[in-house]
Each structure stands twice: as C-alpha cells, then as structure tokens.
Amino acid sequence: MSAKVHKALYAQIPSFKCKEGCTECCGPVPFSAWERDQVKIEPGKLGRRCPYLGETGCLIYENRPLMCRLYGTVPEMKCPHKCRPEKMLSSLEGRRILAKYRKMAERP
Ligand code: SF4
Ligand code: SF4
C-alpha cells in the first residue's frame with residue numbers, strides 16, 4: 001500500500017538534470033516510515049548536511065525521499081542554478097503532492 005502510494009506520488013514529480021557534481025540543496029530532509037525502510041545503508045557521521053551525502057553525491061539516490069525529488073520542481077523551491085524540469089509543477093500541484101505525502105507519512 002505505502003509503496004504504491006509513494007511511487008504514485010513520485011511519478012507526478014518531473015525529473016531534471018542537476019548541475020554536474022552539485023549537492024548544494026542537500027540538507028536535513030524528512031523521511032516517511034516507508035522511505036526510511038527502503039534505505040539499506042547506515043547513515044553517515046553526524047554533522048554532515050545530510051547523513052546520506054557522500055563524497056560523490058547522494059548515496060541513496062534511487063531511494064531518496066520525496067522532498068529531495070520535489071526540490072527544484074515547484075516555484076517555492078527553485079534551484080539556485082536555474083536547473084529545472086521542462087515543465088515545472090504549479091504551486092497548487094506541489095501543495096497537493098505534499099498534502100498527500102504528509103497524510104501518508106503520519107500513518108503508523
Ligand atoms: S537542484 Fe540545483 S542546487 Fe540542488 S543539487 Fe541540483 S543543481 Fe544543485
Ligand atoms: S537523501 Fe540524497 S538527495 Fe536527499 S538530501 Fe540527502 S544526499 Fe541529498
């Protein structure tokens with residue numbers, strides 16, 4: 001159930017190419033319980049901007065949580081380097097995705 005709903009939300013978020021080697025927007029991000037379960041590696045040392053940020057970038061890219069996917073795709077979270085998908089989501093679309101995500105993330 002959770003997998004299906006998460007994947008359906010991820011599918012609504014357009015992808016785009018980042019500036020090569022950039023990890024500037026990586027920081028502490030929330031994970032839902034299901035997203036946490038997908039991560040099979042131990043978080044790194046405390047003190048890093050994100051415990052899954054390695055020397056060469058995200059160590060859990062395929063399993064990164066929704067907030068990492070949403071960044072750069074909505075007007076409220078624009079990439080400072082102007083990287084963006086061909087078609088940005090609208091504020092309303094972003095809010096709807098987040099509302100569904102939060103509702104689901106709160107489930108036990
Ligand atoms: S979205 Fe922008 S700031 Fe974030 S990693 Fe990609 S290029 Fe860097
Ligand atoms: S999970 Fe990965 S993409 Fe998301 S903030 Fe951490 S290092 Fe960056």
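None of the values given here were measured: they were computed from a predicted structure. (Residues numbered from 1 in each chain as written. Chains lettered and ligands numbered in written order. Predicted model: local features only at pLDDT ≥ 70, side-chain atom pairs only at ≥ 80, totals over all residues. Heavy atoms only, no water.)

Caption draft 1: Structural detail: the site of ligand 2. In the region of ligand 2, the neighbouring residues are Cys26, Gly27, Cys50, Tyr52, Leu53, Cys58, Ile60, Pro65 and Cys68. Spatially, ligand 2 is embedded in the largest pocket. A class-by-class count of the residues in the shell around ligand 2 yields eight nonpolar, one polar and no charged. (Near = heavy atom within 4 Å. 1 Å grid on protein atoms, 1.4 Å probe; cavity = no way out; pocket = protein on both sides within 12 Å on 5 of 7 lines; lining within 4 Å. Sits in = over half its atoms within 2 Å of the grid points. Nonpolar A, V, L, I, M, F, W, Y, C, P; charged D, E, K, R; others polar.)

Caption draft 2: Highlighting the site of ligand 1. As a matter of local geometry, ligand 1 sits amid Phe16, Cys18, Lys19, Cys22, Glu24, Cys25, Tyr71, Cys79, Pro80, His81 and Cys83. Under a 2 Å grid-point criterion requiring more than half of the atoms, the pocket assigned to ligand 1 is the largest pocket.

Caption draft 3: Highlighting unusual backbone geometry. You will see that Lys82, though not glycine, has its phi angle at about 65 degrees, which is positive. For Lys82, the location among the structural elements is in the loop between α3 (66-70) and α4 (91-105). Overall, the relative accessible area of 73% leaves Lys82 in the exposed class. (Helix = DSSP H or I, 4+ residues; strand = E, 2+ residues; numbered from the N terminus. Buried < 20%, exposed > 50% of the residue type's maximum accessible area, 1.4 Å probe, protein only.)

Caption draft 4: Region of interest: the nonpolar core. Of all hydrophobic cores here, the largest spans 14 residues; its most connected members are Leu9, Leu66, Leu70 and Ile97. Looking at this core, the elements that each hand over two or more residues are α1 (2-11), α3 and α4. Among all residues touching Leu70, those that are not within four sequence positions of it are Ile13, Met77, Leu89, Gly94 and Leu98. Listed in part, the six residues of the second largest apolar core include Val39, Cys50, Leu53 and Ile60. (Core = buried A, V, L, I, M, F, W, Y, C linked by side-chain atoms within 4.5 Å. Contact = heavy atoms within 4.5 Å.)

Caption draft 5: Spatial organisation of the layout of surface pockets. In this model, the largest pocket occupies a volume close to 790 Å³. Cys18, Cys25, Tyr61, Arg64 and Cys68 are the residues nearest the centre of the largest pocket, which is lined by 36 residues in total. Elements that contribute at least two residues to the lining of the largest pocket include exactly β2 (57-58) and α3. (Points joined across faces, edges and corners; volume = space filled by probe spheres on them.)

Caption draft 6: Spotlight on the environment of Cys68. One can find Cys68 in helix α3. Cys68 gets classed as partly exposed once you look at its relative accessible area, which sits at 32%. Residues Cys68 and Gly27, 41 residues apart in the sequence, show an inter-C-alpha distance of 9.3 Å.

Caption draft 7: Representation of α1 within the structure. Of the positions making up α1, those classed as buried are His6, Leu9 and Tyr10. Summarising the axial view, the buried residues of α1 lie within an arc of 100 degrees, below the 170-degree limit, and thus occupy one face. Along α1, the residues that are exposed and aim more than 90 degrees away from the buried face are Lys4, Lys7 and Ala11. Where α1 is buried, its residues contact α2 (33-38), α3 and α4. (Arc of directions from axis to C-beta.)

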